[in-house]
Amino acid sequence: MTSRFKALSVHLLTATGSVLSMLAMLAAVNERWDMMFLWLVVALIVDGVDGPLARHYHVKTNWPTYDGVLMDLIVDYLTYVFIPAYALFKSGLLPGWTGWIAIIVIVYGSVIYFADTRMKTKDNSFAGFPACWNMVVLVLFALQPNFWIMLAVVVGLAVSMFTNLKFIHPVRTERWRPLSLAMTVGWLIFAAWAAWVDFHPQSWAHYGLAITSIYLIGAGIAQQLLPERGLAR
């Protein structure tokens, strides 16, 4: 297999996210939330592996006619933002005006965030919450806290997209990477299992989701508060 064909294959892998997003949307329209989130988990796995593959096979050099970054952003907006926002609204977890507030701040804030050229930090983390609403909404479906808590979480994370708070990239952020990768794999397993059992309230996966989610949200902020010794001033 030539280098050009390998690079093209990575682009085609990224493009499969569009099919996965359609399958998730069809499940959401039928209010099959379990299947919707299972498809979104698969899309998240694809999104996690296509980036390292793209860098390994130098897609910008070996197949430059396709813009992999643009393709990835299109798929990410569908799977990370648009479909989860629809599910949160349509499910009724946020009743009345609270649902409208949530979907507006999610879709509007995220499209602006995705266009921000300052979204990455020097250590390949994210400046501000990286609009991973697929993960947030799945946890809300699983834990189902009071709707005021849900609204506060959504609005708080939406506001944090436009701050200097750091959020790790589990693959690319080098600091604590082994732990971050382990937590990410754990989150994926817990998320898939929670969706598989249709978010049964007594599922053990919910505890795992809570623990791994707290780490993934807070690890970057903790790194800001606890700078590495060599970088401390």
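Preceding this section is the structure that the text describes.
The text that follows walks through the structure, step by step, so that each part is easy to find. (Residues numbered from 1 in each chain as written. Predicted model: local features only at pLDDT ≥ 70, side-chain atom pairs only at ≥ 80, totals over all residues. Heavy atoms only, no water.)

### Describing empty space enclosed by the protein
- If you walk through the whole model with that rule in mind, you get two cavities of 30 Å³ or more.
- The computed volume of the largest cavity comes to approximately 60 Å³.
- In terms of lining residues, the largest cavity is bounded by Thr14, Gly17, Ala43, Val46, Asp47, Asp50, Asp72, Val75, Asp76, Thr79 and Tyr80.
- When residues of the lining of the largest cavity are traced back to their parent elements, those giving at least two are α1 (3-29), α2 (33-56) and α4 (68-90).
- The dominant element in the lining of the largest cavity, judged by the number of residues it contributes, is α4, at five residues.
- Here the residues of the lining of the largest cavity are counted per class, giving four nonpolar, three polar and four charged.
- For the second largest cavity, the calculated volume is near 40 Å³.
- Every residue lining the second largest cavity is listed: Phe37, Leu40, Val41, Leu44, Asn134, Met135, Leu138 and Trp187. (1 Å grid on protein atoms, 1.4 Å probe; cavity = no way out; pocket = protein on both sides within 12 Å on 5 of 7 lines; lining within 4 Å. Points joined across faces, edges and corners; volume = space filled by probe spheres on them. Helix = DSSP H or I, 4+ residues; strand = E, 2+ residues; numbered from the N terminus. Nonpolar A, V, L, I, M, F, W, Y, C, P; charged D, E, K, R; others polar.)

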